[in-house]
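# Geometric and topological summary
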Amino acid sequence: MAGTLDQDQDTFPIMQTRFYVEGIHCASCIDRLERLPERVPFVRAARVHFGKSILSLESTAEVDLSRILREIARMGYQPRLLPTNGAQRAEAEARTQENRLDLIRLGVAAFGAGNVMMLAAGVYTGATGIYARTFETLSWLLSLPVIFFSGAPFLRSFQELWHSRRISIDLPIAFAILSGFLASSISLIRGHGPLYLDSGTALVFLLLGSRLFLKKLQRDAQSKIELHSTVLPPWARLLDDNERERLVPSQELAHGSLLRVYPGELIAGDAEVISGESFVSTAVLTGEPKPSAVAPGSLVSAGARNESAPLTLRLTKDASESRLSLLLEKARRAQEGRPSWSRRSDRVARIYVLTMLVASAFLFLFFDLERALALLVVTCPCALALATPLSAARAMAKGASQGIFFRSAEALEKVLSIREVSLDKTGTLTLGSFEWEGPLPSPEFASILLALESRSLHPIARSIVRALAPLNPPLPEVLDFQELRGKGVQGVIQGHFWEIGTSPTSTPPPNEDSRTLLELRRDGAAQMTIQLRDQ
C-alpha cells in the first residue's frame, strides 16, 4: 500500500468500492459491517444494502483492499469485490454461488438431523447396551458435518463476537449449539449422561431453513423496488458499421454508440436521433403523459419510451453517465445504510440477548445445563432482528406495486409524520391513461376508427382501440396508411381518404387541460369529434 497510516486522508481522492458480502441476515450484521471505519484505516464510510447484500465503502486511495477483505472475513462473512464494469453480472454470479452453498448447507443439515433423530428415537424407545452405544456414536458422527459445516455461519459469527466482546443475536444461538455438542461429547466419552445431538442438529436445520426462506422473501421484495430495471432497459440493440443489430448490456454502452430502438422499447441512454420520426414518452423524467414528437437532430433522454416508429440514435455520453443513471445511483446510495428505527430495534435485541444470557447462566449455575439450553433456544431473538428489515422491504415493495417508489427506508419511516401533501405541477395531475368521453360512435365510424388506430402504437390510438374494441365491428382494408408526426393517422378506406387528427377549430373548455379533442375527417370534411379525458 502506497503511503503511510499517518498521512492526511484529505490529501487523497475519495474512492468508491463495492463488495458482495455472503452471510448478511439481520440488522446486527449491518451494524457490524458499518463499523468498518473504526477497524480499517482510510475507510471513511460504510453502508450496507441489506436486500442485495452489498457493502459500499468510501475510502481514500491509500486504503488496503486486502486488509478490508481480511477484516470482513474475520467478522464471519465471505466478501467478493465487485468490479466497476460488469458489476451487475458479478453480483448475480456471487448471489448464485451463495444460494448454492446455502442449499448445500441446508441439505446436509436436513440429512444429518433426520438420521440423528431416527437414531435418538431408538434410544428413547428402549435400546440399551451395545445398541444404545452404537446409536449414540453414529449420532455423534452424523452431527459433525451439521454442526461444523452447516452451522459454520453461526460458529464464525460466535468467534468474531467473542473476540470483539460484542453481543448479537447469533451469540445465544451459537452458544446453545456449541454447548449442546460439547455436553453431548462429554456424555458420550463418559458413557452416561444426556445427549442433545438431535436437538442441536434440528436447531441448525430449522434456523438455516428459516433464514433461507426469509432471504428469498427479502430479495423478492427488493426486486420490486429496484428502480434501475423498472425505468432503464437491461439490454440495447447496438448497430455495427454495417447496421447489423447486436444485443449488449445497456450499462456498457459508450459515447457515440449507434442504437436501434423499436416502438414500445425504452431508450438506454441520452442520445441524438439520427434517423426516423416517432413519438417518445418522457413521463419517467417529466411526469407528462403526452408523448413528444422527435425527428433527426432531436435529443432524447435515457428512460424515454419510443411509441410509434423505429429510431436510430447516437449516444451523446456513456450510458452510465446519463441523467437518469445518475439519479438512480443517488437513489441506490440512499437505500444503503439503516434507518433510525432499525438501529433502535438492534439496540433492543442486544439488551434482550444480554438478559437471556444472564438468565441462562443463572439456570446453569443453580439448576442444570438442560434448562439453560432450553431457555437459549426458546428465547432466540431472530424474529425481532429479521422482522425489521423484512417489514421495510415488504412495505416498499407494496408501494412500488402501486406506483409509489420510496427513496429509502428512512423516507418510509417519515411517512408516519406526514399530515398534509402539496402537489406543485405545471398543468393537471393525471394518470396518463386516456378514456373515451361521451357517446360511442356509430358502427360505421367505429370500424373506420379501429381500422386506422389499431395500426398505431401512440397512447391516444391505444386508448381509442381499448374503448371501441368491445363493439367488435368489421374492419375494412386500409390502403396507403400513414402516421404523421404531431398530426395523426390517415389512409384510404373504400375509396375515401380518411384522417384522424387534432381538430383545427375545436379547443378544450376552459380549465379542462386534461381533455384532448380529435376529429374524424372524410375527404377533408369533418364527420365527428372525438373527446378523450386523461383521468
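Keep in mind the model is a prediction, meaning the values are calculated, not measured.

Turning our eyes to something else, we now look at the overall build of the protein chain. In terms of regular secondary structure, the protein chain is built from 16 helices and 19 strands. The burial tally for the protein chain puts 45% of its 535 residues in the buried class. Looking at the protein chain alone, contacts between residues at least 24 apart form 66% of all its contacts between residues at least 6 apart.

Another aspect to go through is helix H16 (residues 459-468). For H16, the set of buried residues is Pro 459, Ile 460, Ala 461, Ser 463, Ile 464 and Leu 468. For H16, the elements touching its buried residues are strand S14 (434-437), helix H15 (443-453), strand S18 (515-522) and strand S19 (525-534).

Spatially, the three strands line up as an open sheet ordered S10-S9-S12, and their pairing is antiparallel. Either end of the sheet is taken by a strand with one partner, and the two such strands are strand S10 (292-294) and strand S12 (305-306). As defined by bridge partners, strand S9 (residues 278-281) adjoins S10 across three bridges and the pair is classed as antiparallel. Residue pairing for S10: Phe 279 is matched across the bridge by Ala 293.

Turning to the pairing of strand S13 (residues 311-315), a few remarks are in order. Burial runs high along S13: four of the five residues are buried. Bridge analysis of strand S7 (residues 258-261) against S13 gives four bridges, and the strand direction is antiparallel. Residue pairing across strands places Val 261 opposite Leu 311, the latter belonging to S13. As paired strands, strand S8 (residues 271-275) and S13 are joined by four bridges and run antiparallel to one another. Counterpart to Val 273 in the pairing with S13 is Leu 313.

What follows covers the pattern of salt bridges. One pass over the full model with this rule turns up 14 salt bridges. Note that Glu 58 and Arg 47 form a salt bridge whose closest N and O atoms lie 3.4 Å from each other. A residue pair is termed long-range when its members are at least 10 positions apart, and Glu 58 in strand S3 (residues 54-60) and Arg 47 in strand S2 (residues 43-49) qualify at 11 residues. With its nearest N and O atoms 3.9 Å apart, the salt bridge here joins Asp 270 to Lys 317. With Asp 270 in the loop between S7 and S8 and Lys 317 in the loop between S13 and helix H10 (323-335), this pair connects stretches of sequence that are 47 residues apart. Asp 270 gets classed as buried once you look at its relative accessible area, which sits at 10%. Put simply, Arg 237, Glu 243, Glu 245, Arg 260 and Glu 265 are held in one network by salt bridges that share partners.

A separate point is the sheet that holds strand S1 (residues 14-22). Two orientations exist for strands paired in a sheet by backbone hydrogen bonds: parallel and antiparallel. With respect to topology, four strands assemble into an open sheet ordered S2-S3-S1-S4, the strand pairing being antiparallel. Two strands lie at the open edges of the sheet, namely S2 and strand S4 (78-81), each paired on one side alone. For this sheet the average axis-to-axis angle between neighbouring strands, irrespective of direction, equals 30°. With six bridges connecting them, S2 and S3 associate as antiparallel partners. Looking at the pairing, Ala 45 lines up with Glu 58 of S3. Against the sheet, helix H2 (residues 65-74) touches S1, S2, S3 and S4, its axis set at about 30° to S1.

Cut-offs and rules
Residues numbered from 1 in each chain as written. Predicted model: local features only at pLDDT ≥ 70, side-chain atom pairs only at ≥ 80, totals over all residues. Heavy atoms only, no water. Helix = DSSP H or I, 4+ residues; strand = E, 2+ residues; numbered from the N terminus. Buried < 20%, exposed > 50% of the residue type's maximum accessible area, 1.4 Å probe, protein only. Contact = heavy atoms within 4.5 Å. Pairing = 2+ DSSP bridges. Salt bridge = Lys/Arg side-chain N within 4 Å of Asp/Glu carboxyl O. Axes fitted to C-alpha atoms, helices over the stretch in contact; angles between N-to-C directions.

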